[in-house]
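# Structural characterization, general
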Amino acid sequence: MTGILPGPAGPASTTAGPAEPALVDRANLLADIRSTLAATGGALLHGPAGIGKTALLDALAREAHAAGEPVLRSSPTAAEADLPHLALIDLLGETLPALAEELPSHLRQALECALLHRAPQPGTPTDPLAVRVAVLETLRRLAARGPVLVLLDDTQWLDEASRQVIAFAARRLTDRRVRFAVTERTEHADTAPTMGALCPPAARDLPVGPLGERGTGALLRERLGLRLSGLTLSRVHAVSGGNPYYALELGRSLAAGGSDAALATDPARPLDVPHRLRALVSARLTELPDSARAALTVLAAARPGTALPATVTEPLAAARRHRIIRQTPFGTPQFGHPLIAEVVLADATPAALRDAHRLLAALTADPVEQVRHQALAAEHPDPHLASRLTRAADTALTRGAPGTAAELLRHAAHHTPDPDTAGRRLLAAARNAAAAGLPDLARACAETLLGAPAADLRVHARLLLTRLLGPDHPDAETLLTDAADDTGGHPALTAAVHQERAVRALHRGDRTEGFAELETAEKYADHADNPDLLVELLALRAPITLLTDPAHGLALLERGCRLAAGRPPTAAAVLCREGLAVAALRSGDTPRALAEVETLRAEIDASGRTEDLANVLYIAASVYERAGRCTEAYDAGRAAHDLRERIEPTPGPARVLGGAAELNGGTAERAAHLLDSAIRAAEDDHDHEWLAYAHGLRGRAALLLGHLPTAVHHLTHCQLLLRRMQFTDPSLFLVDADLAEARALSGHPADAAATLADARDRAARLGRDVVLLGLHRAEAHLTALTDPRHAADTLRSLLPAAHPYPLELARAHLALGTLERRARRRAAARTAFQDAHARYTAAGCLPWMRHTENALASLDALEADPTPTQQQILGLVRSGATNREIAATLHLSVKAVEANLTRLFRQYGVRGRTELAKYQD
């Protein structure tokens, strides 16, 4: 992780990221299918209609075609279920002519008749056993040429004759050369399938479950170009039940009618369910009596788990008989699918909906839930109800639910006759929605305020919209210009506008303009006597100051925390407290960093402030990593990844955090995959800060994987980007030592030396002694190019008993093992590797632990001392002879020279001829 203090300005940009793959949110399931097919020869995929079973078969088919493997596929329909042997015609109709001559004549004739390639002899029925054996022999002959993939889709419509033949063959094809991927429609993913006989005996059943919320959003972006977030995405995901077909139909309806904006303004508004989906349930609903339909309206309007009276549950018996609802394990009624509830709400009359909410308000004792239902039941604006809604919003905030508070304040604004009071309640709703990670609701509320009569409301609405857009969005400048024109010289409003301009300038790396805007903002804030605004300004200035003057930066953060003490929590106050943890971390005071971040995390967890929580989790992951607590770093990093994927319009930051988490508790391969995706997204967004972190982490993954040129490429990009942003503190992101090591090991000693000299100079100027151990380790690798024994001895003498960053000490012991191996002191190398392994194990750092295990295994595999021939080859390499010249001199083949060189590389722990030539015994 980085340990850099995140900016307070929200997402970097709203520019669209790279297109998601065609098959979204299914990577783990697809990997499970592949492994199941390889292990058992068969996988039976089952789930409801539209869940994506066919898409998974499509992906398997593409992979098989790319590998040059034959694919046999059948996709029957309900109308074809009575046509005998139709599936066999699909599977083998095109293959049979090429194989016909290989089959015995009686089997060939039987199969050709079944596939309608020849007419049967009059009065001679086709022998069923001959057809079965012929299909079995055909598949075996195909498999003799290479792996074969059989795809059977929608087997609930498979004709009976084909089903019996395929089952006969599948039972006997157990060598996994023929793999069967079969799909079956079941009512739910947890319903037991019935078509297992179509797979080999050891096959596994794999339920195809719903997409996650992120997967639903990615599907809508990739297929429809529809970017939903916050409550709007949550509603589409909930109503679709994660079913891709349902989600796409709902998305098309939203896009066609432009109702996604209306849904953000009124989250309780029913979705416009398109006809193709409505037809799936409307017929069953029209058959119900009026009492049952009224009861369904109450059930649809209620929160899940609400205890309903008998007057509601008894009429629902008719709906249960029509399989519209079912009982939960707790005995409460539940819709068979969320889509049905949405149709019920959409079809209900306004009067019926109001009646349902009146009943629900009477049933609940919770004041927040009660007043919410009362607001939804009210027909006209009600000032008294508006006041109760505002008080309920305060209660929701004390419960740590800013999203609920935003909904209640929006209702309060609707029921408030006075325009000014209504506007202030709506602004509070927008701010709470933004804090809760609901950008669509926040944006809808703020856009409504652009026409507010009060200038300060218009200014604050534009500033909030600017933050929601992000500092790189082209529309932000127009909003800021309009906001500045509306301030009327008011000190607090003017300060707020200059603050936002400072955010934009600092984000693009223009510190001169950024600090000038901050100074102007601070002058206006002093005139306004606004402590909250001053805290925001300090939260902006301090992270930048930390980079060049750590002591002054820490003083600014402490001042911000003092000003914020005892006041309601704000994002800026949280940022100042995060800054204290980061400042302690960079100075090597990890105990203080841990105490600061864990206290703050507990408070933010309880507050429900989603955006603040995403940043705190990010900082926590960084602190845990440097403190050598990698399991906790992995958990916090994954949680930060998941939150940012939900609340941010661009995927880059989330994928950086996911990749960083993998480097703590996952695998280097998964980290590399996520970080490559993060790099593409950050490049598209022109987000240089997250791009720098993505390159730096990708370089670490490359080091783990042994890809030195790739490591040099990414680590160089990371360092260059950090320099362009003037992020020169070597403890901000530990890139210098890794870059110097990668350059030294890849044969660029001059570049490595320059990197080390520059890093040491910056560390001395800023008092960052905490990074010196990493630099010692990298310098040892550089020294080892000419004298590995001296390098090992020097590094050993510099190793401390403990270090503020335990993983740096583990890396130093790992480097020592590598140097000792190159110095041919294998006992010392083993001791160093074992020490590194113990430290990585204690930290829970899985990727580096595995890397060290590989180093130990490589040490065990070392061969004996060089043979006389190898010693001669070594001498000729040092003299500059080519492989062909060595072969001629020693009367060997070139291949023999290459084989001996490979053994020497492994024996001396070097990576090529250049290092071998410099190696000294």
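Here the structure is a predicted model, which is why all the values come from computation and not from measurement.

### Quick notes on the packing of aromatic side chains
Each aromatic ring pair is summarised here by two numbers: the centre-to-centre distance and the angle between the ring planes. Counting across every chain of the model gives five aromatic pairs. With a centroid separation of 5.9 Å and 10° between ring planes, the pair formed by tyrosine 693 and phenylalanine 733 is classed as stacked. Here tyrosine 693 is found in helix H35 (residues 688-705), whereas its partner phenylalanine 733 is found in the loop between helix H36 (708-724) and helix H37 (736-745), with 40 residues between them in sequence. According to the relative accessible area criterion, tyrosine 693 is buried, its value standing at 0%. When its relative accessible area of 2% is taken as the criterion, phenylalanine 733 is described as buried. Residues tyrosine 840 and tryptophan 848 carry aromatic rings whose centres are separated by 6.0 Å and whose planes lie at 20° to one another, so their mutual orientation is stacked. Residue tyrosine 840 is classed as buried on the basis of its relative accessible area, which comes to 1%. For tryptophan 848, a relative accessible area of 11% translates into the label buried. Here the guanidinium or amino end of arginine 172 rests over the ring plane of phenylalanine 168, the centre of that ring lying 3.9 Å away. For arginine 700, the ring lying beneath its charged end belongs to phenylalanine 733, and the centroid distance is 4.7 Å.

### Looking at the pattern of salt bridges
Applying the stated rule across the entire model yields 49 salt bridges. For glutamate 477, the salt bridge goes to arginine 504, with nearest N and O atoms at 3.8 Å. Of this pair, glutamate 477 sits in helix H24 (residues 475-486) while arginine 504 sits in helix H25 (residues 491-507); the two residues are 27 residues apart in sequence, bridging distant segments of the chain. Here aspartate 676 makes a salt bridge to arginine 698, at a shortest N to O gap of 2.8 Å.

### Description of the packing of helix H20 (residues 402-414) against helix H21 (residues 419-435)
Remark: H20 packs on H21, axes separated minimally by 8 Å, with the N-to-C direction vectors making an angle of 160°. Of the possible angle classes, the one that applies to H20 and H21 is roughly antiparallel. Seen from above, H20 lies across H21 with left-handed handedness. Each of Pro402, Ala405, Ala406, Leu409, Arg410, Ala412 and Ala413 in H20 lies in contact with H21, whose residues at this interface are Ala422, Arg425, Leu426, Ala428, Ala429, Asn432 and Ala433. Considered class by class, the residues forming the contact of H20 with H21 number eleven nonpolar, one polar and two charged.

### Here we look at helix H42 (residues 826-843)
Between the first and last C-alpha of H42 there are 25 Å, a value that for 18 residues agrees with the 26 Å anticipated at 1.5 Å per step. Regarding H42, the residues found buried are Ala829, Ala832, Phe833, Ala836, His837, Tyr840 and Ala843. Seen along its axis, H42 keeps its buried residues to an arc of 135°; they face one direction. Away from its buried face by more than 90 degrees, H42 exposes Ala827, Thr831 and Ala842. Of the residues one or two after H42, glycine 844 is the one with positive phi, at around 75°.

### Details of the confidence of the model for the protein
Counting all residues, the mean pLDDT for the protein is 85, and 92% of those residues have values of 70 or more. For the protein, the element scoring lowest by mean pLDDT is helix H11 (residues 259-265), at 57; helix H39 (residues 772-783) scores highest, at 96. Across residues 1-21 the pLDDT falls below 50, and counting only partners more than four positions away or on other chains, this stretch makes 85 contacts in the model.

### Describing empty space enclosed by the protein
The tally for this structure, following the rule as stated, stands at four cavities of 30 Å³ or more. By volume, the largest cavity amounts to about 380 Å³. Counting residues per element, the ones that place at least two in the lining of the largest cavity are helix H31 (610-626), helix H33 (652-665), H35, H37, H39 and helix H41 (806-822).

### Observations regarding the sheet that holds strand E2 (residues 71-74)
Picture the strands of a sheet paired through backbone hydrogen bonds; they go either parallel or antiparallel. Taken together, five strands build an open sheet; the order of strands is E2-E3-E4-E1-E5 and the sheet is parallel. If you trace the sheet from one side to the other, it starts and ends with E2 and strand E5 (204-207), each paired once. Looking at each pair of strands side by side, their axes are set apart by 15° on average, direction ignored. Across four bridges, strand E1 (residues 42-47) lies against E5 in parallel orientation. By the bridge assignment, leucine 45 is partnered in E5 with leucine 206. Against the sheet, helix H6 (residues 128-145) makes contact with E2, strand E3 (148-152) and strand E4 (178-185), and its axis sits at roughly 125° relative to E4, the strand it touches most.

Rules used throughout
- Residues numbered from 1 in each chain as written.
- Predicted model: local features only at pLDDT ≥ 70, side-chain atom pairs only at ≥ 80, totals over all residues.
- Heavy atoms only, no water.
- Phe/Tyr/Trp six-rings, centres within 6.5 Å; stacked < 30°, edge-to-face > 60°.
- Helix = DSSP H or I, 4+ residues; strand = E, 2+ residues; numbered from the N terminus.
- Buried < 20%, exposed > 50% of the residue type's maximum accessible area, 1.4 Å probe, protein only.
- Lys NZ or Arg CZ within 6 Å of the ring centre and 35° of its normal.
- Salt bridge = Lys/Arg side-chain N within 4 Å of Asp/Glu carboxyl O.
- Axes fitted to C-alpha atoms, helices over the stretch in contact; angles between N-to-C directions.
- Parallel < 35°, antiparallel > 145°, perpendicular 65-115°, else oblique.
- Left-handed = near helix turned anticlockwise from the far one by under 90°.
- Contact = heavy atoms within 4.5 Å.
- Nonpolar A, V, L, I, M, F, W, Y, C, P; charged D, E, K, R; others polar.
- Expected span 1.5 Å × (residues − 1).
- Arc of directions from axis to C-beta.
- pLDDT = per-residue confidence, 0-100.
- 1 Å grid on protein atoms, 1.4 Å probe; cavity = no way out; pocket = protein on both sides within 12 Å on 5 of 7 lines; lining within 4 Å.
- Points joined across faces, edges and corners; volume = space filled by probe spheres on them.
- Pairing = 2+ DSSP bridges.

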